[in-house]
Amino acid sequence: MTLHLYDSATRQIRPLDPVVPGRVGIYHCGLTVQGPPHIGHIRKEVVFDVLRRWLERAGYDVRIVANVTDIDDKIIAKGAENGEPWFAVAYRNERALHAAYEVLGCEPPTYEPRATGHVPEMIEMMETLIARGHAYPAQDGSGDVYFDVRSWPPYGELSNQSIEDMQEAPDAPADGKRDPRDFALWKGRKEEEPESASWPTPWGRGRPGWHLECSAMAAKYLGPEFDIHGGGLDLRFPHHENELAQSRAAGQPFARVWMHNAMLNLGSSKMSKSVGNTLTVAEVVKRVPAIALRYYLVAAHYRSIIEYSEESLAEAATTMSRIEGFVTRAASLVGRCDGGEIPPAFAEAMDDDLSVPAALAVVQDTVASGQRLLGHGASDDLRAALGSVRAMLDVLGLDPLDPHWAGSRDHGPAQAALGALVQQLLDHRAEARAAKDFAAADRIRDQLTTAGIAIEDTPQGARWTVKEDR
RNA sequence: GGUGGGUUGGCCGAGAGGCGAGGCAACGGACUGCAAAUCCGUUUACACGGGUUCAAAUCCCGUACCCACCUCCA
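Everything numeric here is computed off the predicted structure, so don't read it as measured data. (Residues numbered from 1 in each chain as written. Chains lettered and ligands numbered in written order. Predicted model: local features only at pLDDT ≥ 70, side-chain atom pairs only at ≥ 80, totals over all residues. Heavy atoms only, no water.)

Caption draft 1: How the structure looks around the pattern of salt bridges. A complete count under the given rule lists 39 salt bridges for this structure. When the shortest N-O distance is used, the salt bridge between D394 and R53 registers 3.8 Å. Placement of D394 in helix 12 (residues 380-395) and of R53 in helix 1 (residues 39-57) is noted, with a sequence separation of 341 residues between them. Under the relative-accessibility criterion, D394 is labelled partly exposed at 25%. Taking the shortest distance from any N to any O, the salt bridge between D399 and R390 comes out at 3.0 Å. Of the residues examined, D399 reaches a relative accessible area of 5% and is grouped as buried. Bridged by salt links that share partners, the residues D49, R52, R53, E56, R57, E107, R294 and D394 form one connected network. (Salt bridge = Lys/Arg side-chain N within 4 Å of Asp/Glu carboxyl O. Helix = DSSP H or I, 4+ residues; strand = E, 2+ residues; numbered from the N terminus. Buried < 20%, exposed > 50% of the residue type's maximum accessible area, 1.4 Å probe, protein only.)

Structure (structure tokens):
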């Protein structure tokens with residue numbers, strides 16, 4: 001079986017059929033960098049990171065483009081509020097986004113174009129749309145340019161709505177519009193807005209109207225037709241609908257499959273800045289290991305709502321550390337076992353619209369049988385189990401031995417010094433136990449526990465780990 | 001009002017006509033000097049009311065409630 005994905009345009013699960021065999025082009029809408037990313041934002045990054053890893057394992061050459069929307073009303077407003085340039089806000093939050101990718105082990109997109117860097121491409125696209133009769137400059141001289149929804153009969157095809165049932169688009173006063181549902185491709189500069197937030201065009205100075213940047217940049221970096229367009233479900237309408245209309249009206253076939261991830265809710269409504277129910281990645285990662293947060297975000301199917309709670313996050317942390325426990329114990333017995341095999345059941349689950357929950361059940365089964373083997377010492381079966389657990393976890397970006405997660409933990413002089421000290425204490429404890437002086441042995445264990453070091457006795461002697469629960 | 005999606009055991013979370021997904025928690029047992037870790041066992045759920053079927057959590061009709069979008073949003 002090859003990868004099948006749920007296409008939200010046709011509401012069907014369909015096989016991936018790349019435009020260019022062997023290559024997959026993906027565009028997913030990045031962030032409007034008006035604030036640091038919260039865990040709902042990063043859910044989308046994790047989802048597409050898993051998709052990328054799975055496609056790459058299948059041998060595809062994957063190109064991922066995710067835009068950074070670095071200009072919009074809120075960014076300008078925040079700059080004004082803080083008494084700093086709008087671009088100071090944008091760059092700061094873009095760096096916070098990159099830090100969040102890094103913390104959660106998401107490889108950055110292949111290309112990450114900024115809206116403000118693609119104004120000429122947008123102007124060209126508007127000229128094409130105007131020439132084809134699908135766009136027009138505002139009739140009120142505001143400098144806005146609108147898309148003419150009535151000129152494009154398929155409008156509404158992505159979200160399965162008819163124009164008649166839609167409310168008007170309030171992105172600009174209706175005076176300049178032919179139809180109240182026409183949306184802005186470009187926004188003319190307003191008096192109160194900073195000069196630096198505008199660019200010259202044939203219709204006067206102004207700035208991008210959000211939807212257009214994605215159409216222009218997708219075409220530039222992926223070509224007129226590409227494989228997968230993704231983003232949060234909340235972008236389906238109007239953003240993705242409008243992108244689709246613009247690009248097709250400009251003569252481009254555009255995306256073959258539309259893939260939308262469900263929201264992450266907190267207090268039974270979508271995590272969002274305007275509601276005020278946000279938890280930033282930086283905050284959550286102080287309370288729980290980053291790998292546990294990633295597990296939490298990955299473990300639910302990408303089309304299911306995650307109802308955030310402290311309890312379920314803690315549960316994810318427990319489960320992840322159990323898996324990590326197996327991997328590290330097994331590796332200390334039989335080595336890393338790189339290059340393990342992916343069990344067919346795992347592959348089938350992933351190919352079926354990225355069914356990570358079913359795939360994780362395979363991971364759990366393999367871990368459980370590996371744990372049983374562990375009791376009997378080193379064996380080929382154990383090596384196979386470890387290799388395959390690590391291969392599966394790698395697809396999900398959760399392999400504890402991956403340098404990303406293991407790197408800082410197991411190396412460095414401080415770690416070596418700690419190891420030497422702990423080993424001395426463990427040697428004393430072993431002597432005490434051999435002499436049946438259990439009071440002394442337990443005192444040493446308590447000391448270590450208090451210091452945050454957990455002891456496990458195994459047939460090969462005592463193991464120690466620094467506890468990561470915070 | 002329009003368009004989608006959902007309601008599963010103490011909790012999280014899959015499945016989508018017959019066969020107990022998986023995890024967490026709890027309890028009992030094994031192992032252990034005691035622990036920890038690990039293993040074994042126990043706990044048969046699908047919002048409600050109808051219907052179709054030999055068989056329904058799954059299909060159909062209705063009801064209730066929840067979420068998302070139709071405003072900026074991942």
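What follows picks up the thread again.
Caption draft 2: A look at the packing of aromatic side chains. Tallied over the full model, the rule gives 10 aromatic pairs. Relative to F183, the ring of Y155 lies with its centre 6.2 Å away and its plane at 25 degrees, an arrangement referred to as stacked. With Y155 in the loop between strand 6 (145-147) and strand 7 (183-188) and F183 in strand 7, the pair connects residues that are 28 residues apart, well separated along the chain. With respect to class, Y155 is no different from F183; both count as buried. The rings of W86, F87 and W199 are connected pair by pair, giving a single aromatic cluster. The aromatic ring of Y136 is capped on one face by R178, whose charged end is 4.0 Å from the ring centroid. The ring of Y6 carries R303 above its face, with NZ or CZ at 4.0 Å from the centroid. (Phe/Tyr/Trp six-rings, centres within 6.5 Å; stacked < 30°, edge-to-face > 60°. Lys NZ or Arg CZ within 6 Å of the ring centre and 35° of its normal.)

Caption draft 3: Here's a closer look at the nonpolar core. Counting 77 residues, the largest nonpolar core has L293, F346 and M350 as the members making the most contacts within it. Take this core: its biggest share by element is 10 residues, from helix 9 (residues 310-334). If you count residues domain by domain, this core takes at least three from each of domain 1 (18-266) and domain 2 (309-408). What F346 contacts, discounting residues up to four positions off in sequence, is W54, A359, V362, V363, M392, V395 and L396. (Core = buried A, V, L, I, M, F, W, Y, C linked by side-chain atoms within 4.5 Å. Domains from an automatic or database assignment. Contact = heavy atoms within 4.5 Å.)

Caption draft 4: Spatial organisation of the protein's contact with RNA strand B. Close to RNA strand B lie 55 residues; K74, W210, G232, L235 and K270 are nearest. Taking the atoms of RNA strand B that fall within 4 Å of the protein, sugar and phosphate contribute 62% of them. Note that a sugar or linking oxygen of RNA strand B is positioned 2.7 Å from one of the side-chain N or O atoms of D234. A breakdown of the residues in the surface near RNA strand B according to their chemical character gives 16 nonpolar, 22 polar and 17 charged. (Near = heavy atom within 4 Å. Polar contact = N/O pair within 3.5 Å; in protein donor to acceptor, adjacent residues only side chain to side chain. Nonpolar A, V, L, I, M, F, W, Y, C, P; charged D, E, K, R; others polar.)

Caption draft 5: Quick look at helix 11 (residues 356-374). Between the first and last C-alpha of helix 11 there are 26 Å, a value that for 19 residues agrees with the 27 Å anticipated at 1.5 Å per step. All of the buried residues in helix 11 are V356, A359, L360, V362, V363, T366, V367, G370 and L374. Axial view of helix 11: buried residues confined to an arc of 150 degrees, hence all on one face. Along helix 11, exposed side chains directed more than 90 degrees from the buried face belong to D365 and R372. (Expected span 1.5 Å × (residues − 1). Arc of directions from axis to C-beta.)

Caption draft 6: Main features of the sheet that holds strand 12 (residues 269-270). Strand order in the open sheet formed by three strands is 12-11-13, and the pairing between neighbours is mixed. Unpaired on one side and paired on the other, strand 12 and strand 13 (306-307) mark the two borders of the sheet. (Pairing = 2+ DSSP bridges.)

Caption draft 7: Looking closely at the domain arrangement of chain A. The domains assigned to chain A are domain 1 (18-266), domain 2 (309-408) and domain 3 (412-466). Domain 2 and domain 3 are separated by 27 Å when their C-alpha centres are compared.

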